[in-house]
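# Inside the fold
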Amino acid sequence: MVDPESGLSLTIARIVQRLQGSSLHSQLERQARVSLHKPEIKLESLKEDIKDFLKTSGWEKKLQNAVYSELNVFPSPCHPAAPPEHMKEPLAYMRKAQGSWEKRILKSLNSMCTELSIPLAQKRPVGEQKELLNKWNEMGTDEPDLSLFRPVYAPKDFLEVLMNLRNPNYENGEQPSFRNHLGLIQVPLKVKDIPELKEDFSELGLNIGQLGIDDSAQVPPEFFENEHVRVGQKVLAEQDSAAAQQYVRQGCPTALRADLWALILNISNQPEDILYYEQLKSNVIQHDLLVDSLIYKDVKLTASNDDYYFVFEDYLYQVLLCFSRDTSVLEHFTYSSATPPKSYIRGKLGIEEYAVFYPPNGVIPFHGFSMYVAPLCFLYHEPSKLYQIFREMYVRFFFRLHSISSHPSGIVSLCLLFETLLQTHLPQLFYHLREIGAQPLRISFKWMVRAFSGYLATDQLLLLWDRILGYNSLEILAVLAAAVFAFRAVNLMEVTSLAAAEAVLADLSTLKVMPLLQIFLFATVT
Amino acid sequence: MGTARPAHRSPWGRRAPPPVAMGTAQAGSAMARRQRGLPGASRRSEERWDFCWGEAAWLRERLGRAALEQHVRVCHFRNHYELTRKNYLVKNLKRLRKQLEREAGKLEAAKCDFFPKTFEMPLEYHLFVEEFRKNPGITWIMKPVGRSQGKGIFLFRKLKDVIDWKKDGLHTDDQKDETQVEIYVAQRYIENPYLIGGRKFDLRVYVLVTSYIPLKAWLYRDGFARFSNTRFTLNSIDDHYIHLTNVAVQRTAPGYDPEKGCKWMIQQLRQYLTAKHGAESVEVLFADMDNIFIKSLQSVQKVIISDKHCFELYGYDILIDQDLKPWLLEVNASPSLTASSQEDYELKCHLLKDTLHIVDMEGRLTGKEKRVGGFDLLWNDGPVSREGNLDTLLKENFMANTHLGCYNDRKKQLKQLFRSLSAQQKV
């Protein structure tokens, strides 16, 4: 264990290193220099005066937000002697499993490539470049022949892999019984139980006002809603990331949500960010990647068929095509258990100088990937801002939903949390479903992998994602999944097949998320 | 069932009312019949029906023939075309505008400026040419007054296109009523519609009028936004599919996927706009829409043949422009009740159910209700405020009783309403 003193100084050193040379750093320097012209800055107390100036002009707040952002995203450093893999994933068997999963995906991608004789990447001819530039705002009108492409993998393939995960150091010779875990996930990770969750999610308690419950038509707005909106406006005026994160735990008012999320994710859409996005756009125009076709296919199969997201089809291409080419995303691999796939320039296989990451951002999209972006289109309309918000959401949260790791917000832990909650608090239901061959995780897995996007009504989904941001954790997805099963328990007890169970849980679009969560956590007898 | 009965008390006293006999004169009423779970329709020729949901033309003829018994209800006003035919509507609105300008000044009159500049053709051809010449380069849309579903509509920018069309002579099409020159309107095309995802959309909103004198109108909370299947551009005016958002036209567009559907519920739209523009701007937008409904009904109030037996469910088509100003495209007296999806089906079923609740053949309501199911009372011989009292009407904190695009918990509300009504009856 690292002792708190040196742990803190390590963290500080890391943050300083990351912020040094960033655009915020140069802006602060510029501001400090500019302030020298101001009369209140005196030579005798130069350092103090500049510090005061930065405080009153709001620049200190910006720095605070940046530091807070770093703390949220990067895990605390482990022992100084630990190798870098440990920041990615401390458990060796998990790393191994992720590695073989990645090999499988890459093999699938390569074989598709060879079958269709399409290169992984190629430069676009000039004519095609011009055409794409003209069509940039309406790429959805394109109808390329995508019949030969298939998604590289679907969530259920991933579930099969997770089901077969085993810790080689853990010997479980006992027969499955009520005292053991009856679910699909058989690795001994530590997950929280309801008393711990109650503590963690204390702001969702019965005595505390929530958007999604206490803003309903029957409740007069004076009770909670008006004050909550007022506080939200104040938080935005102060531009305080940490306060915003605390605030959204009770939900965001619709009109303030876009700004609040941007504040929490520390996205300010500076000119250099817009420039960066334009650069990515020109990369898309110039080079054609195989993954582009995968993205097209995914959007056409999922978001375009959704009753509400079909409208945003064009935005999805504009975001996802750029996303594939964004090498800054590679940074997240330092704390993700995944490793970006490598490819070699033609003819130079194995020669490291000619190795490139493929796709450039290291993330191979799977079936349903575009659904991570679709709900954000409700909030952000300017492409570069939409893009940055999505990228930040991905490197903070979404990447954990399709990589094998022991992190408490990783998909493995979420699955185990879901199954444990269900088995502990609804044992009869769990046993019944298991007996009829309808393991609950088989149904809820797809909800969690997509963070419920496309399954819940949009306004409910956004209320759920408010809490993901507020608590900086995805555990709420597992809690909601269990709460949904609890809600429909009576119907589920009567089904006799997996298909019937699926049918009972096929339509979640009428569910109200916050009451379900509140009842499950705070009003169920444990 | 021949004796006179007061309008709002149950004609059958405390006994359960005998089933209402339904007359139907059109396919759309099949749903209405099912709603009530009542015995099927009697034959049209034998007048043994109390309620008729039927085709406007048939009803018009019937209403003109002989008086109906007092309790009978029918779903159209005799001359609803004053509101629904584009050339009559523009005439009525112009008259209202002049009246308001005389009585209340220019500012009040400007509240009628929600109808794009329209000229009846061929009657007002010369006035149109004058206006056309004043605004060179803008786009105009030519619409036949009597047809629906987007038939016969075209866009133009050059006078030459109209001259050619006029030269073509009589436009006789097989219309049921008229064999003379078909009347068109030339209307200024709204070139800056509000776009979502690059697509144009219009709104379908439902307004139920139970009486014109005095004017009593209800606004339904649900409705939908119909999206064009293709991205909006002014470059290809001939592309019907872009400009006309009628689902009927979209159905035939290439690439149209019926499974996809191109509708959003108004609640979604309201959420989207609130997230983008903030709550206040959206409140203003919806208040402006209330204004459209009220003013359009007021403009025909004195012209419509008032008849206690009649009620009418209108489908308003509204277009929002980029400045968040709503425009009235047209009013339909027979809005489509066929469903394009499960959600749509439920909306229309609930709409019909609540319409029948308000028409209140069973005589259950007191007449003082401000909300029945998904309908909120929009106008009751005067504006209706959200709070009960009349004195809040004049204060600045007057909040209209309308909830378009808001949460519709109609089932719960109906349960409470009928429970309290039956409790009142027992007393």
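Residues numbered from 1 in each chain as written. Chains lettered and ligands numbered in written order. Predicted model: local features only at pLDDT ≥ 70, side-chain atom pairs only at ≥ 80, totals over all residues. Heavy atoms only, no water.

Chain A is annotated in an unreviewed UniProt entry as TBC1 domain family member 19 from Dromaius novaehollandiae.

## A word on the overall build of chain A
Secondary structure assignment for chain A yields 24 helices and four strands. For a compact globule of 526 residues, the expected C-alpha radius of gyration is about 24 Å, and chain A comes in at 24 Å, within 12% of that figure. Overall size of chain A, expressed as C-alpha extent along the three principal axes, is 80 × 65 × 50 Å. In chain A, buried positions account for 52% of the 526 residues. (Helix = DSSP H or I, 4+ residues; strand = E, 2+ residues; numbered from the N terminus. Rg over C-alpha atoms; globule rule 2.2 N^0.38 Å. Buried < 20%, exposed > 50% of the residue type's maximum accessible area, 1.4 Å probe, protein only.)

## Things to note about the overall build of chain B
Scanning chain B for helices and strands turns up 13 helices and 15 strands. The burial tally for chain B puts 53% of its 427 residues in the buried class. A separation of at least 24 residues holds for 67% of the contacts in chain B among residues at least 6 apart in sequence. (Contact = heavy atoms within 4.5 Å.)

## Some details on helix 13 (residues 410–426) of chain B
Residue and element names in this part refer to chain B. With 17 residues, helix 13 extends 24 Å from end C-alpha to end C-alpha; this agrees with the ideal 24 Å at 1.5 Å per step. When helix 13 is considered as a whole, its buried residues turn out to be Arg 410, Gln 413, Leu 414, Leu 417, Phe 418 and Leu 421. Down the axis, helix 13 shows its buried residues gathered within 120 degrees of arc, on one side only. Away from its buried face by more than 90 degrees, helix 13 exposes Lys 411, Lys 415, Arg 419 and Lys 426. Along its buried surface, helix 13 packs onto strand 10 (216–231), helix 12 (342–359) and strand 14 (371–372). (Expected span 1.5 Å × (residues − 1). Arc of directions from axis to C-beta.)

## Topic: the side chain of Ser 453 of chain A
With respect to the element layout, Ser 453 of chain A can be found in the loop between helix 19 (440–449) and helix 20 (458–471). Those residues in contact with Ser 453 of chain A, other than ones at most four positions away along the chain, are Tyr 309, Met 371, Pro 375, Leu 461 and Trp 465 of chain A.

## Quick look at the environment of Ala 242 of chain A
Residue and element names in this part refer to chain A. Tracing the backbone through its elements, the reader meets Ala 242 in helix 11 (residues 241–247). Overall, the relative accessible area of 30% leaves Ala 242 in the partly exposed class. Ignoring anything within four residues of it in the chain, the contact list for Ala 242 reads Asn 65 and Tyr 68.

## Describing the sheet that holds strand 7 (residues 184–188) of chain B
The strands that make up a sheet pair up through hydrogen bonds in the backbone, lying either parallel or antiparallel. Residues and elements named next belong to chain B. Read from one edge of the open sheet, four strands run 4-7-5-6, paired in antiparallel fashion. The strands lining the two open edges of the sheet, one partner per strand, are strand 4 (118–121) and strand 6 (154–156). Averaged over all pairs of adjacent strands, the angle between strand axes in this sheet comes to 25 degrees, irrespective of strand direction. Where strand 4 meets strand 7, four bridges bridge the pair, whose relative direction is antiparallel. When the sheet's bridge partners are listed, Glu 120 is paired in strand 7 with Val 185. Running over the sheet, helix 4 (residues 86–104) touches strand 4, strand 5 (140–144) and strand 7 and is turned about 130 degrees from strand 4. Strands in contact with helix 6 (residues 125–134) are strand 4, strand 5, strand 6 and strand 7; relative to strand 4, the strand with the most contacts, it is inclined by about 140 degrees. (Pairing = 2+ DSSP bridges. Axes fitted to C-alpha atoms, helices over the stretch in contact; angles between N-to-C directions.)

## A word on the pairing of strand 15 (residues 375–380) of chain B
Residue and element names in this part refer to chain B. Of all six residues in strand 15, five are buried; the element is thus mostly enclosed. Relative to strand 15, strand 14 runs antiparallel, the two sharing two bridges. Considered in strand 15, the bridge of Arg 371 is made with Asp 376. If you look at the hairpin formed by strand 14 and strand 15, you'll find two residues sitting between the two strands, and Gly 373 has a positive phi there, around 65 degrees.

## Side note on the interface of chain A and chain B
Opposite the 23 residues of chain A that make contact, chain B presents 25 residues. Carbon and sulfur atoms make up 54% of the surface buried where chain A meets chain B, a total of about 2,200 Å² over both sides. In this assembly, chain A and chain B are joined by one salt bridge. Among the salt bridges present, the one from Glu 313 of chain A reaches Arg 199 of chain B, with a minimum N-O distance of 3.8 Å. One can count five residue pairs in polar contact (both at pLDDT 80 or more) joining chain A with chain B. (Buried area = accessible area lost by both parts, 1.4 Å probe. Salt bridge = Lys/Arg side-chain N within 4 Å of Asp/Glu carboxyl O. Polar contact = N/O pair within 3.5 Å; in protein donor to acceptor, adjacent residues only side chain to side chain.)

## Brief notes about the nonpolar core
Ranked by size, the top nonpolar core spans 248 residues in total, and within it Phe 390 of chain A together with Trp 264 of chain B carry the most contacts. At 10 residues, the largest contribution of residues to this core is made by helix 21 (residues 475–487) of chain A. When sequence neighbours within four positions are dropped, the list of residues in contact with Phe 390 of chain A reads Val 319, Leu 320, Phe 323, Phe 369, Tyr 372, Val 373, Leu 376 and Phe 398 of chain A. Of all hydrophobic cores here, the second largest spans 15 residues; its members include Val 129, Met 142, Leu 159 and Trp 165 of chain B. (Core = buried A, V, L, I, M, F, W, Y, C linked by side-chain atoms within 4.5 Å.)

## Digging into the domain arrangement of chain A
How big an interface is tends to be stated in terms of accessible area lost as the parts join. All names here are of chain A. Each assigned domain of chain A is listed with its residue range as follows: domain 1 (4–82) and domain 2 (97–151 + 268–393). Centre-to-centre separation of domain 1 and domain 2, based on C-alpha positions: 34 Å. Taken together, the seven residues of domain 1 in the interface contact six residues of domain 2. Roughly 440 Å² is buried in total at the junction of domain 1 and domain 2, and carbon and sulfur atoms are behind 49% of that figure. It is Gln 27, Val 73 and Phe 74 that lose the most area in domain 1 upon contact with domain 2, and together they represent 59% of the buried surface on that side. (Domains from an automatic or database assignment.)

## Regarding a positive patch on the surface
Residue and element names in this part refer to chain B. Residues Lys 94, Lys 98, Arg 102, Lys 117 and Arg 188 make up a contiguous surface patch of positive charge. Per-element tally for the positive patch: the top contributor is helix 4, with three residues. By the element assignment, Lys 98 lies in helix 4. (Patch = residues over 30% accessible without salt bridge, like charges linked within 9 Å, V, L, I, M, F, W, Y side chains within 5 Å. Areas by Shrake-Rupley, 256 points an atom, 1.4 Å probe, with all protein chains shown as cover. Lys, Arg positive; Asp, Glu negative; His and termini not counted. Charge placed at Lys NZ, Arg CZ, Asp CG, Glu CD.)

## Notes on the pairing of strand 13 (residues 326–332) of chain B
If a strand is regular, its side chains alternate between the two faces of the sheet. Residue and element names in this part refer to chain B. Within strand 13, seven of the seven residues are buried, which leaves the element mostly enclosed by the surrounding structure. Where strand 12 (residues 312–320) and strand 13 come together, six bridges link them in antiparallel fashion. Bridging from a neighbouring strand, Asp 317 pairs with Glu 330 of strand 13. As consecutive antiparallel partners, strand 12 and strand 13 are separated by five residues, and within that stretch Leu 324 has a phi angle of approximately 60 degrees, a positive value.

## Some details on helix 3 (residues 46–56) of chain A
All names here are of chain A. Restricting attention to buried positions, one finds in helix 3 the residues Asp 49, Ile 50, Phe 53 and Leu 54. With its buried residues spanning 135 degrees around the axis, helix 3 presents them on a single face. Those residues of helix 3 that are exposed and aimed more than 90 degrees away from the buried face are Lys 47, Lys 55 and Thr 56. Lining the buried residues of helix 3 we find helix 2 (23–35) and helix 4 (59–73). Just past helix 3, the residue Gly 58 takes up positive phi, approximately 90 degrees.

## With respect to the confidence of the model for chain A
Here chain A averages 88 in pLDDT, while 94% of its residues score no lower than 70. Ranking the helices and strands of chain A by mean pLDDT puts helix 21 of chain A first, with 96, and strand 3 (residues 342–344) of chain A last, with 76. (pLDDT = per-residue confidence, 0-100.)

## With respect to the side chain of Asn 167 of chain A
Residue and element names in this part refer to chain A. By the secondary structure assignment, Asn 167 is in the loop between helix 8 (155–163) and helix 9 (194–200). Of the polar contacts made by the side chain of Asn 167, one reaches the backbone nitrogen of Asn 169; its length is 2.9 Å. Residues contacting Asn 167, with those up to four places away along its chain left out, are Tyr 93, Val 187 and Pro 188.

## Focus on the packing of helix 19 of chain A against helix 21 of chain A
Residues and elements named next belong to chain A. At a minimum axis distance of 10 Å, the contact between helix 19 and helix 21 shows a crossing angle of 135 degrees. When the axes of helix 19 and helix 21 are compared, the pair comes out oblique. Regarding helix 19 and helix 21, the two cross each other, and that crossing is right-handed. Every residue of helix 21 that contacts helix 19 at Pro 440, Ile 443, Ser 444, Trp 447 and Met 448 is listed here: Leu 477, Ala 478, Ala 481, Val 484 and Phe 485. Tallied by class, the residues present in the contact of helix 19 with helix 21 amount to nine nonpolar, one polar and no charged. (Parallel < 35°, antiparallel > 145°, perpendicular 65-115°, else oblique. Left-handed = near helix turned anticlockwise from the far one by under 90°. Nonpolar A, V, L, I, M, F, W, Y, C, P; charged D, E, K, R; others polar.)

## Looking at a nonpolar patch on the surface
All names here are of chain A. A surface patch of nonpolar side chains, amounting to about 270 Å² of accessible area, comprises Leu 8, Ile 12 and Val 16. When you line up the elements, Leu 8 lands in helix 1 (residues 4–19). With relative accessibility at 52%, the residue Leu 8 sits in the exposed group.

## A few points about the packing of helix 14 (residues 290–301) of chain A against helix 15 (residues 313–324) of chain A
Angle between the axes and distance between the axes: these two values describe a pair of packed helices. All names here are of chain A. Relative orientation of the contacting elements helix 14 and helix 15 amounts to 150 degrees, with a least axis distance of 10 Å. As the angle between them shows, helix 14 and helix 15 are arranged roughly antiparallel. Of the two possible hands of crossing, helix 14 and helix 15 adopt the one that is right-handed. Residue-level inspection shows Val 291, Asp 292, Ile 295, Tyr 296, Val 299 and Lys 300 of helix 14 in contact with helix 15, the latter providing Glu 313, Leu 316, Tyr 317, Leu 320, Leu 321 and Ser 324.

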